[in-house]
Amino acid sequence: MKQASMIQWARAALVLLAVAVPCATAAAADLTLVQNGRPNAVIVVPPEPPAPPPPANPKARVPPVAKSKWLRAAEAIQTYVEKMSGARLPIVTEGQPDETGMPVTIAVGHTRLAAAKGVKVPSGFKEVVGDPRVFEEEGFVIKTLGELVVVGGNSDGPYQGTLYAAYEFLERLGCRWYFPGDWGEVVPERQTVVFPETDLLSRPDFPIRQMSIGGWIPSTREERQQYDEWARKIKWTSEAFYPGCGDGFLAYLLPPNEYFESHPEFYALGKDGQPSVGRHRTLKYYENTTMLNLSNPDVFAESVKNLQAAFAGTGTSNVRRIVAPNGFGISPPDGAAFDHRPESRALNQNFDYPAYIHHPQTSEEFFGFAARLAREFPGKWVSTMAYAGREMPPQGVTLPPNVKVNYAPISSCVLHAGDDPSCWRRNETIAILRQWLKLTPHVDMYDYNPGFLLGSFVPERDVANFAINAKIYKQLGMKGLRSEGRKAFMQTWISYYVRGKLMWDVDADVAAIKRDFYTTFFGAEAGPHVQAWWDACEA
């Protein structure tokens, strides 16, 4: 009996030891950043890039030098850890003496510390016009190694990887940013702040992830700044990457204030058979409400000449408004832009599509013109919009690889997801998107949240629908979304926040995101009741 007892005791001891060892290992891998309200970590960043040389003209205004993306990331970590604990972690530039004596190091950005530990931080920005995989280098890493945690990402070119890594780091400490401004954030209060063992490499499912605040409800400069800062916190992009394109950019090729009086034939005919251009209170004529005559060969020739001069830096035409270093954007005016010339109408297939607007589709007319321009400038992007009278993909038109399409289905349904068999309009929207992606891989979507034409200024089903749509968009190969939002957060609710999560990772657990929001924002007691009300709105 005594021998058996000893054996049983030994077995129990071995079991306890086996359980204890992993626990001790896990605890040792966690990093204490703040201990009892006192700093226990130092933030290390690479040196700032050198300042640009002073302008040749001594009287020229010198803009302030912007902080590097990695310093902004480091300051974000410093700010929110201090909000959590009251302890301000010091920031030290790599290569400078570190006299802080802190045992834990947070290496932010592309540091020599990370490289010495063999941590490969994403980097690189190579824009090859026409490349189907262009703009897909973004990403970040967060990795703990002993008393070091690496927080860095691709910050080359337009990318914001290190900043996204910093906010992901803070999320793992319990911080949340559900809405813009202080009222929309949740920052837990802790005297001791511990970062868990982490080994994360993360890349976005969509390179383009944007949601503008729109202009339908006025916003102050401070509100727009808060919104832009918040957008980075939820991993939205600050760049469209491709050249910008908006309603009415087309007529900037031949600005009516420069051409209309001498060449009225360059412009579309109205229903009265007369050339028509947009009017402006102070500018006389206005490009953004003017349609060109795309059947006139001289319009094409003059457009090419103006673009060539703009890219060479020798032109004085207002075409410069639509030209970027990597290309240009063109789109007819908002609404029902239409040239009533028989020659222009003959450029279109004139199929009997559903009447989404007030006239037949003009996709062949416009995209045929855009394709010809793109072939004249093969090293430049040509951004376009598939909107209103150009929503349908053109038939019989081949798009060169440097054409980018922003698909804007303004009249699509806002109540149903893209895979709902009961909704013909949503199914058609996905079918149209699929056709566009057969013409070019450079397609993103301009949608509306809240819904524009079909919205009713009441809560919509965007959270539930987008959880489905995001996966469809990724499967089809869409580049992302540039959406039009509104300063109406009691209507859009957490849909912008959830979109940020899903555009980065379409497999994000929406149910878990919602539970986290209602619990952390309203508290464990009230949260489920508020969620029940909003879930009923989305049912």
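On a predicted model such as this, the values are computed, not experimentally measured, just so you know.

Take the layout of surface pockets next. The computed volume of the largest pocket comes to approximately 590 Å³. Along its surface, the largest pocket is lined by 29 residues, and Ser212, Tyr446, Arg482, Ser483 and Glu484 are the ones closest to its centre. At the level of elements, β12 (208-212), α5 (221-233), β17 (381-387) and β20 (480-484) are the ones that each hand at least two residues to the lining of the largest pocket. Grouping the constituent residues of the lining of the largest pocket by class yields 14 nonpolar, 7 polar and 8 charged. Looking at the second largest pocket, its volume works out to about 360 Å³. Around the second largest pocket sit 17 residues that line it, and Glu168, Arg172, Lys235, Lys501 and Asp505 are the ones nearest its centre. Elements supplying a minimum of two residues to the lining of the second largest pocket: α4 (161-171), β11 (199-202), α13 (495-504) and α14 (510-522). When the residues that make up the lining of the second largest pocket are grouped by side-chain class, the tally is 7 nonpolar, 1 polar and 9 charged.

What follows concerns the sheet that holds strand β1 (residues 31-35). Read across the sheet, 3 strands follow the order β2-β1-β10 without closing on themselves; strand pairing throughout is antiparallel. Two strands lie at the open edges of the sheet, namely β2 (38-39) and β10 (193-195), each paired on one side alone. Bridge count between β1 and β2: 2 bridges; the pairing is antiparallel. Each bridged residue has a counterpart across the sheet, and for Val34 the counterpart in β2 is Pro39.

Bringing α4 into the picture now. For α4, the tally of buried residues reaches 11 of 11 residues, placing the bulk of the element in the interior. Buried within α4 are the following residues: Gly161, Thr162, Leu163, Tyr164, Ala165, Ala166, Tyr167, Glu168, Phe169, Leu170 and Glu171.

Moving on, we get to the environment of Pro332. Secondary-structure assignment places Pro332 in the loop between β16 (327-329) and α8 (342-345). By relative accessible area, Pro332 is classed as buried at 1%. A C-alpha to C-alpha distance of 4.7 Å links Pro332 and Gly248, two positions 84 residues apart in sequence. Excluding its chain neighbours within four sequence positions, the residues that come into contact with Pro332 are Asp247, Gly248, Leu250, Met291, Ala337, Phe366 and Arg390.

For the rest of this paragraph, the subject is the sheet that holds strand β19 (residues 443-445). Within the open sheet, the 7 strands sit side by side as β12-β20-β19-β18-β17-β16-β15. Their pairing is mixed. Each of the sheet's edge strands pairs with one partner strand only, and the pair in question is β12 and β15 (323-324). Relative to β20, β19 is paired through 2 bridges, and the arrangement is parallel. For Asp444, the partnering residue across the bridge sits in β20 and is Gly480.

Before going further, it helps to examine empty space enclosed by the protein. All told, the structure shown has 3 cavities of 30 Å³ or more when counted by the stated rule. Considering only enclosed or pocket space, the largest cavity measures out at about 230 Å³ in volume. Lining the largest cavity are 22 residues, and of these Cys413, Val414, Arg426, Asp447 and Tyr448 lie nearest its centre. With 5 residues, helix α11 (residues 462-476) is the single largest residue contributor to the lining of the largest cavity. In terms of residue class, the lining of the largest cavity is made up of 10 nonpolar, 6 polar and 6 charged. As a volume, the second largest cavity reaches approximately 140 Å³. If you go around the second largest cavity, you meet 16 residues; those closest to its centre are Glu460, Val463, Trp493, Trp534 and Glu538. Here the residues of the lining of the second largest cavity sort into 7 nonpolar, 4 polar and 5 charged.

Rules used throughout
- Residues numbered from 1 in each chain as written.
- Predicted model: local features only at pLDDT ≥ 70, side-chain atom pairs only at ≥ 80, totals over all residues.
- Heavy atoms only, no water.
- 1 Å grid on protein atoms, 1.4 Å probe; cavity = no way out; pocket = protein on both sides within 12 Å on 5 of 7 lines; lining within 4 Å.
- Points joined across faces, edges and corners; volume = space filled by probe spheres on them.
- Helix = DSSP H or I, 4+ residues; strand = E, 2+ residues; numbered from the N terminus.
- Nonpolar A, V, L, I, M, F, W, Y, C, P; charged D, E, K, R; others polar.
- Pairing = 2+ DSSP bridges.
- Buried < 20%, exposed > 50% of the residue type's maximum accessible area, 1.4 Å probe, protein only.
- Contact = heavy atoms within 4.5 Å.

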